[in-house]
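Descriptive analysis of the structure
The primary structure of each chain is shown beneath.
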Amino acid sequence: MSERQSPLHAEHLALGATLVPYAGWLMPLRYTSDLAEHHAVRTTAGLFDLSHMGEIRITGPGAAAALDAALVGWLSALAVGRARYTMICAQDGGVIDDLVVYRVGDQDFLVVANAANAEVVLAELHARCDATATVTDESVATALIAVQGPAARGIVASVLPDAAERAAVVGQPYYAATAAVVAGVPAMVARTGYTGEDGFELFVAAERAPEVWRAVLAAGQEVGIVPTGLACRDSLRLEAGMPLYGNELDRTTTPYDAGLGRVVRLDKTDADGSPVEFVGRGPLTGRADSEPARLLVGLEGLGRRAARHGYAVLRDGVTVGQVTSGAPSPTLGHPIAMAYVTPEVSAAGTELEVDVRGRAEPVRVVPLPFYRRTS
Amino acid sequence: MSQIPEDLRYTAEHEWVSSDDPATVGITAAAAEALGDIVFLELPPVGTALTAGAVCGEIESTKSVSELYAPVTGTVVAVNTEAVNDPSVVNADPFGRGWLIKVTVQALGELLSPEEYARLSAG
């Protein structure tokens, strides 16, 4: 089966992108250099095509309650115009996907899922919500363009001709979203991202995506915006300590394992004040109360060779964990990794080793995130 | 398409080797491009005996690690310390300043002509 093409496919070809198969799509891995693109996002701005992600709309009078029951978060408590990072878990508490949910209206929510899990999430939402709400798959119809970096605010402002909309968009806090017309194209503009920088994610109709892409690229030329691919997206999120489904999160992990127990709202109640019976509640309650078998930590590499996904973490030659993600950090200048380790070796400062292809490389446990923006 | 100098020979693993002795060994522009930004080189030290076709080192990029295979049987007589200290030179000039090692040649491995390598890397 051949991969799906993004609505921005022609743009990527024209820009000389290296395209790779990703979650059933052909997406840009890089345009020029991973390092140059990474640095651009940290110093000016990068432009990402994220059209492969899944967008699922939940609407109707029962939408909020349906999402409270389907997801671990308290979505009915989310204000209109705000967004929330949350997860959808299985009956056993294992994570099916991590999500961002945008509340567009009282009875209108947009669920954004990882490309690799979009189909599964859609199926689960149908199964869990069809009885009380309307579930609509808008993934193919929706393109997603992200502008990320310290210069993102100015660039996005410059493509919002309406002064009131401009003020609303750039004035909104992190994890909010608002409707606006961007370069003549109706959009939902969210102040969200996966890079650890300030930035905006523009949701537009797929067929209008090229206009928005070109307008933002042109608007950002002066400050040095560059198109940025999946390679630097991964190194940026790793520096920012953000989990990647498939690495830090999978069906065998609970939100608690990844240090994200805060997304599980065991305290959520329905309109009558009764606790919500959400999927996975029982096992997650048990997990919240019990001692963890393993914890997700950050590892700072003290040598030159980077730990990679799957490598063993050792102390005194004994395996105490496994690396979930690892790479050289372009911004910090040393290798970084996230790993699940046993609680006894999880304290910051603990010196451990990682088996890097047969050689023990020294590492040290450090708090996450590795990088925090100053602006 | 990436350049393929006429005066070199190539391996199926995207290494190049010069025709003199000691021979110079590196990776091709196609390999460097596929790897992306190279961040670390693990090269066999001077004096190492190499066997053609065997793994003799590693080239690590931001996203992956590739093995370096010895294109010839022989002994390492020089290592490009400039490249070791700044692996980006391999991306910048893979056939020139980005050379990796020099080897006295006892026997050749399976080598391809520029035309054969061009066909292989195009396909």
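Residues numbered from 1 in each chain as written. Chains lettered and ligands numbered in written order. Predicted model: local features only at pLDDT ≥ 70, side-chain atom pairs only at ≥ 80, totals over all residues.

Bringing the nonpolar core into the picture now. Among the nonpolar cores identified, the biggest contains 110 residues, and Ile58, Leu67, Val111, Ile145, Val189 and Val212 of chain A are the most heavily contacted of them. Two domains each donate at least three residues to this core, and these are domain 1 (4–53 + 141–239) and domain 2 (54–138 + 254–283) of chain A. The next biggest cluster of nonpolar side chains, apart from the first, holds 35 residues, and it includes Leu50, Tyr69, Val90 and Phe95 of chain B. (Core = buried A, V, L, I, M, F, W, Y, C linked by C-beta atoms within 7 Å. Buried ≥ 20, exposed ≤ 12 C-beta atoms within 10 Å, placed from the backbone. Domains from an automatic or database assignment.)

With that settled, the discussion passes to the domain arrangement of chain A. Residue and element names in this part refer to chain A. For chain A, the assigned domains are domain 1 (4–53 + 141–239) and domain 2 (54–138 + 254–283). Distance from the C-alpha centre of domain 1 to the C-alpha centre of domain 2: 25 Å. Contacts between the two partners involve 15 residues from domain 1, matched on the other side by 15 residues from domain 2. Looking at the side of domain 1 that touches domain 2, the elements with two or more residues in it are strand 11 (177–182) and strand 12 (185–190). (Contact = placed C-beta atoms within 7 Å. Helix = DSSP H or I, 4+ residues; strand = E, 2+ residues; numbered from the N terminus.)

Residue Leu368 of chain A is joined to Pro369 of chain A through a cis peptide bond whose omega torsion reads 0 degrees. Turning to its location among the elements, Pro369 of chain A is positioned in the segment after strand 20 (359–366). Going from Asp21 of chain B to Pro22 of chain B, the amide bond is cis rather than trans, its omega being 0 degrees. Secondary-structure assignment places Pro22 of chain B in the loop between strand 2 (15–18) and strand 3 (23–27). Within the chain, Ala23 of chain A stands out as a residue other than glycine whose phi angle is a positive 55 degrees. When you line up the elements, Ala23 of chain A lands in the loop between strand 2 (18–22) and strand 3 (25–30). One non-glycine residue, Arg357 of chain A, lies in the positive phi region at around 50 degrees. With respect to the helices, strands and loops of the structure, Arg357 of chain A is situated in the loop between strand 19 (351–356) and strand 20.

Moving on to the environment of Glu82 of chain B. All names here are of chain B. Along the chain, the position of Glu82 falls in helix 2 (residues 81–85). Judged by the 12 C-beta atoms lying within 10 Å of it, Glu82 is exposed. C-alpha separation for the pair Glu82 and Asp21, spaced 61 residues apart in sequence, amounts to 21 Å. Aside from chain neighbours lying at most four places away, what touches Glu82 is Val89 and Arg97.

With that settled, the discussion passes to the sheet that holds strand 3 of chain B. Residue and element names in this part refer to chain B. Across the sheet, 6 strands lie side by side as 1-2-3-9-8-5; this open sheet has antiparallel pairing. Looking at strand neighbours, the two that pair on one side only are strand 1 (8–10) and strand 5 (49–50), the edges of this open sheet. Of the pairings in the sheet, the one linking strand 2 to strand 3 comprises 3 bridges and is antiparallel in character. Along strand 3, the bridge assignment pairs Glu15 with Ile27. (Pairing = 2+ DSSP bridges.)

We now examine the packing of helix 3 (residues 63–70) of chain A against helix 4 (residues 118–129) of chain A. Residues and elements named next belong to chain A. Contact pair helix 3 / helix 4: the axes reach a minimum separation of 10 Å and the direction vectors enclose 115 degrees. Along this stretch, helix 3 crosses helix 4, giving a crossing that reads as right-handed. Across the interface between the two elements, Ala66, Ala69 and Ala70 from helix 3 touch Leu125, Arg128 and Cys129 from helix 4. Residues of the contact of helix 3 with helix 4, tallied by class, amount to 5 nonpolar, no polar and 1 charged. (Axes fitted to C-alpha atoms, helices over the stretch in contact; angles between N-to-C directions. Left-handed = near helix turned anticlockwise from the far one by under 90°. Nonpolar A, V, L, I, M, F, W, Y, C, P; charged D, E, K, R; others polar.)

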